[in-house]
Amino acid sequence: MPSVAARLLPLLLAALAGVAGARAEEASTAGWPAVLSEAKGETVYFDAWGGSDNINAYIGWVGGEVRKRYGITLKQVKLDDTASAVATVLAEKAAGKDDHGSVDLIWINGENFASMQRQGLLAEGFATELPNWRYVDTANPTIETDFTLPTNGQESPWGGAKLVFFSDTARSGPAADMPKSADELLAWAKAHPGRFAYPAPPDFVGTSFLKQVLSETVSDPALLLKPVDDARFAEETKPLWDYLDALKPALWRQGRAYPRNYPQLKQLLADGELDVTFAFNPGEASAGIAAGELPDTVRSFTFPGGTLGNTHFVAIPYNSASKAAAKVVANFLLSPEAQARKEDPTVWGDPTVLALDKLSPEDRARFAAIDRGVATLAPDELGPVLPEPDPSWTDRLEQEWLKRYGS
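Residues numbered from 1 in each chain as written. Predicted model: local features only at pLDDT ≥ 70, side-chain atom pairs only at ≥ 80, totals over all residues. Heavy atoms only, no water.

Caption draft 1: Up close: the environment of N54. Looking at the secondary structure, you find N54 in helix α3 (residues 53-70). A C-alpha to C-alpha distance of 9.5 Å links N54 and G349, two positions 295 residues apart in sequence. Contact partners of N54, with chain neighbours within four places excluded, come to A287, V347 and W348. (Helix = DSSP H or I, 4+ residues; strand = E, 2+ residues; numbered from the N terminus. Contact = heavy atoms within 4.5 Å.)

Caption draft 2: Just the packing of aromatic side chains, in detail. In this structure the tally under the stated criterion is 21 aromatic pairs. Pairing F196 with F209 gives two aromatic rings, centres 5.6 Å apart and planes at 55°, and the pair type is tilted. With F196 in the loop between α7 (182-191) and α8 (204-217) and F209 in helix α8, this pair connects stretches of sequence that are 13 residues apart. Under the relative-accessibility criterion, F196 is labelled buried at 0%. For the pair W401 and Y405, a centre-to-centre distance of 5.7 Å together with 45° between the ring planes defines the contact as tilted. With W401 and Y405 both in helix α15 (residues 391-405) and four residues apart, this pair spans about one turn of that helix. (Phe/Tyr/Trp six-rings, centres within 6.5 Å; stacked < 30°, edge-to-face > 60°. Buried < 20%, exposed > 50% of the residue type's maximum accessible area, 1.4 Å probe, protein only.)

Caption draft 3: Here's a closer look at the sheet that holds strand β7 (residues 164-168). Read from one edge of the open sheet, three strands run β8-β7-β9, paired in antiparallel fashion. Each edge of the open sheet carries a strand with a single partner, namely β8 (276-279) and β9 (298-301). Shown here is a sheet whose adjacent strand axes are inclined to one another by a mean of 30°, direction ignored. Here β7 pairs with β9 via four bridges, running antiparallel. Bridged to D168 within β9 is V298. Running over the sheet, helix α10 (residues 262-270) touches β7, β8 and β9 and is turned about 150° from β8. (Pairing = 2+ DSSP bridges. Axes fitted to C-alpha atoms, helices over the stretch in contact; angles between N-to-C directions.)

Caption draft 4: Structural context of the environment of R364. By the secondary structure assignment, R364 is in helix α14 (residues 361-368). We classify R364 as partly exposed; its relative accessible area is 34%. In this structure, the C-alpha to C-alpha distance between R364 and A340, residues 24 residues apart in sequence, is 9.2 Å. Setting aside its immediate chain neighbours within four residues, R364 contacts L356, D357 and L359.

Caption draft 5: Local environment of α10. Among the residues making up α10, those that are buried are Y262, Q264, L265, K266, L268 and L269. At its buried positions, α10 is contacted by β7, α6 (169-172), α8, β8, α11 (284-290) and β9. Where α10 begins, the capping side chain belongs to N261, and its oxygen is found 3.1 Å from the backbone nitrogen of Q264. One or two steps after α10, the chain reaches G272, where phi turns positive at roughly 80°. (Polar contact = N/O pair within 3.5 Å; in protein donor to acceptor, adjacent residues only side chain to side chain.)

Caption draft 6: Layout of the side chain of K211. Relative to the helices and strands, K211 resides in helix α8. You can call K211 buried: its relative accessible area is 2%. In terms of polar contacts, K211 uses its side chain to reach the side chain of E388, at 2.9 Å. In this view, K211 contacts F147, L308, E388, P389, T394 and L397; residues no more than four positions away in its chain are not counted.

Caption draft 7: How the structure looks around the nonpolar core. Judged by nonpolar contacts, the single largest core of 54 residues is most densely connected at F196, Y198, F209, Y243, L244, L247 and F278. If we ignore the near neighbours within four places in the chain, the residues touching F278 are L163, V164, F165, F166, F196, A197, Y198, P199, V205, F209, Y262 and L265. Membership of the second largest hydrophobic core comes to 45 residues, among which are A39, V328, A330 and F332. (Core = buried A, V, L, I, M, F, W, Y, C linked by side-chain atoms within 4.5 Å.)

Caption draft 8: Broad picture of the pattern of salt bridges. Enumeration over the complete set of coordinates arrives at 17 salt bridges. Of the charged contacts, one joins R171 and D168 as a salt bridge, the two residues approaching to 3.1 Å between their closest N and O atoms. The partner of R372 in a salt bridge is E343, with the nearest N and O atoms 2.6 Å apart. Of this pair, R372 sits in the loop between α14 and β11 (385-386) while E343 is found in helix α13 (residues 336-343), placing the two residues 29 residues apart along the sequence. Given a relative accessible area of 29%, R372 falls into the partly exposed group. Under the relative-accessibility criterion, E343 is labelled buried at 11%. Connected via shared salt-bridge partners are E65, K68, R69 and E337. (Salt bridge = Lys/Arg side-chain N within 4 Å of Asp/Glu carboxyl O.)

Structure (structure tokens):
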């Protein structure tokens, strides 16, 4: 039988680890009152995609809360493409405007993060010092890496994303009978010409479709986790272009025109012009139903072999004029209250980045009470997550697509 000392040692070590963790947390947040004091009265210009009414309304709610609680004015700068915010910060850096930039917070991930990090356009790491970081699901590998790149605390996670397809079952039949891979989707599209489409890259959702097909057709998926090898690009992407060539005649309008973005794609489904669409949000179909944008016969489906998944973030430019207030907004976005509201399909339907087992019983109850809607798949139905390729693939794929299919 182990001695009393032997039995107590693991408990003692665990207690010491807990104390050390608590002290580390206290150290990381000890300066937070000073941040709150500095933030009061500041204005945060939040550059964020503005193409969704429900997302814009959610950001408006955030603005009301941070004004009431912290004395911060939040102004959303609605973007069509995040790259325009990156270009703004880059132009300001070139002009020597290093102190009072016009962008304070950016909704960002992937290639735009890589571009800003590479060009020194981001503030020093701040995310892990936010008080609400303690709730973040750091076991999720997409939290501290973004499209294979370490975030180094320069991005604060905001929401989860996974590519999910959905269809109007009133026209297309049960979701269980829908395609289960990119190859099956091609066969379905050929059998139902004109009833499927994808947005034209460089729209984010459209580019994601290219990466999904590439992930399923490339000779070795591990190649996608490394920068593009110019010598092998044509060879490795040939199956993708062969796929898209075969798909084009079966697309909506025979591929002579492409939807501009996801909102138009969703509208085409609602109008009965398409039978299958997709989004980068598992709750999107339920959110569309709740908002009256989609019929209540829409249901989600995904590929059992996996679909792309990632985390989206907010970041602070190096020359933000309101860094303290931007940190406070980022911290509020990580609060259980804000994350639970965001996950509600009647508000947005965007999955949380928090680990529920790190929350208090009261905060866990917030999430348990969410009605995720009839069209939201359970976590065990979403299938595996395919990792995002290295950011260099995004630019090359978009350039090649435009050369082949762009007008």
